[in-house]
Every structure is written in C-alpha cells, then in structure tokens.
Amino acid sequence: MNYSQLKAWMRADPRSCPQCYVMAHAGGAKYSVEVEVEVKHELEPLRSDQTGEVMQFDHVGQVGEKLKALGIEEGVLRLMDPYDEFATGGEPGCREDMPIRF
C-alpha cells in the first residue's frame, strides 16, 4: 500500500484505523511497516509514493512520527525470526507480537 493511499484512508474515516504492524526481523537493522487491510485480511507493506519501494526505518521512533502524522497512535511490534530452527511449514516458528503506542 502506498503511503498516499493510507493517508487518504485515514482522511476519509479516521475511526476505521487499520491495524499497523511494525515488522522487525531477527538480525535486521531496519524496521518496516505493514498495514492489515481489513477487507482482505492480508498484510501489505507500506511503500514510498516516490519510489514504490518498501519504506524502511532506522528505529521505531521514526515509524511513530510517520504514522502519528496520519492520526495513527498505536500498532503492533512484530518480532520475527526467519531462521528459527524449529519452524515447520512456510511460517517462521518464532513470532512475537507486542502492542505499542507512538
């Protein structure tokens, strides 16, 4: 989802705030934001309007600044370990979700 699409969504109906997940992968130095689209129940990464690339952030504070500008004040920090040796199937075995406020 492009940043401008999320901005238009929040402008249209601020009460229907989508669930936003701040993704942190084990061993990664960057954070990304994925937005859950309620209609499809899928996660879509937040993309830059200029480049179309997935937006990356150096720390959670930067994520908060970007989302608070849209009126989004809380989300879920999702820590994932794609290298979990006990994972079965296609899902990473180690996945921790933590509610956060921006």
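Per-chain numbering applies: the sequence of each chain, read as written, is numbered from 1 onward. Totals for whole chains, interfaces and linings use all residues, but because this is a predicted model, local features are given only for residues with pLDDT of at least 70 and pairs of side-chain atoms are given and counted only at 80 or more. Hydrogens and waters are ignored; side-chain quantities use all the structure's heavy atoms.

Once that is clear, we can look at the overall build of the chain. Along its length, the chain carries two helices and six strands. Here a helix means four or more residues in a row that DSSP labels H or I, a strand means two or more in a row labelled E, and each is numbered from the N terminus. Secondary structure elements of the chain, listed N to C terminal, follow the sequence α-β-β-β-β-α-β-β. Only protein chains enter the accessibility calculation, which uses a 1.4 Å probe; a residue whose area is less than 20% of its type maximum is buried, one above 50% is exposed, and one in between is partly exposed. Here the chain, with 102 residues, has 32% of them falling under the buried criterion. The contact rule is simple, with two residues in contact once any of their heavy atoms fall within 4.5 Å. For the chain, the proportion of contacts with a sequence separation of at least 24, taken over those separated by at least 6, is 54%. In the structure as shown, the chain presents an accessible area of about 6500 Å², 49% of it carried by carbon and sulfur atoms. Values of accessible area rely on a 1.4 Å probe in the Shrake-Rupley scheme; residue burial ignores everything except the protein chains shown.

Further remarks concern helix H1 (residues 3-12). Within H1, burial applies to Tyr3, Leu6 and Met10. Across the axial projection of H1, the buried residues extend over an arc of 65°, all falling on one side. Facing away from the buried side of H1, by more than 90 degrees, are the exposed residues Arg11 and Ala12. As used here, the arc belongs to the directions running from the helix axis to the C-beta atoms.

This next bit is on the packing of aromatic side chains. Note on ring pairs: Phe, Tyr and Trp rings are taken, using the six-membered ring of Trp, and paired if centres are within 6.5 Å. Classes follow the plane angle, with under 30 degrees stacked, over 60 edge-to-face and the rest tilted. Scanning the entire structure with this criterion turns up zero aromatic pairs. A ring is considered to have a charge above it if a Lys NZ or an Arg CZ atom is located within 6 Å of its centre and within 35 degrees of its normal. Lys66 extends its terminal NZ or CZ atom over the ring of Tyr3, reaching a point 4.6 Å from the ring centre.

Bringing helix H2 (residues 60-68) into the picture now. Of all the positions in H2, only Val63, Gly64 and Leu67 are classed as buried. Along the axis of H2, the buried residues cluster in a sector spanning 100°; they form a single face.

In this section: the pattern of salt bridges. Side-chain pairs of opposite charge can arise where the charged atoms are in close proximity. Here, a salt bridge means any side-chain nitrogen of Lys or Arg that lies within 4 Å of a carboxyl oxygen of Asp or Glu. Across all of its chains, the model carries four salt bridges by this definition. Two residues, Arg101 and Glu74, come together in a salt bridge whose shortest N-O distance is 2.8 Å. Placement of the pair is Arg101 in strand E6 (residues 94-101) and Glu74 in strand E5 (residues 74-81), with a sequence separation of 27 residues. Taking the relative accessible area as the measure of exposure, Arg101 reaches 59% and is therefore exposed. When its relative accessible area of 48% is taken as the criterion, Glu74 is described as partly exposed.

This part is about the nonpolar core. Buried residues of nine kinds, namely Ala, Val, Leu, Ile, Met, Phe, Trp, Tyr and Cys, make up a nonpolar core once their side-chain atoms join them within 4.5 Å. Counting 19 residues, the largest nonpolar core has Leu6, Val33, Leu46 and Leu67 as the members making the most contacts within it. Mapped by element, the contributors of at least two residues to this core are H1, strand E1 (20-25), strand E2 (31-37) and H2. Among residues more than four places away in sequence, those in contact with Val33 are Cys20, Tyr21, Glu44, Pro45, Leu46, Met55, Phe57, Val63 and Leu67.

Overall, the predicted model of the chain reaches an average pLDDT of 81, with 76% of residues at or above 70. For every residue, the pLDDT score states the predictor's confidence, bounded by 0 at the bottom and 100 at the top. In the model of the chain, E2 stands out as the element of lowest mean pLDDT, 74, in contrast to H1, which has the highest, 92.

What follows concerns the side chain of Ser32. Checked against the element boundaries, Ser32 lands in strand E2. Judged by its relative accessible area of 10%, Ser32 falls in the buried class. Here Ser32 is in contact with Tyr21, Val22, Met23, Val54, Met55 and Gln56, once residues within four sequence places are set aside.

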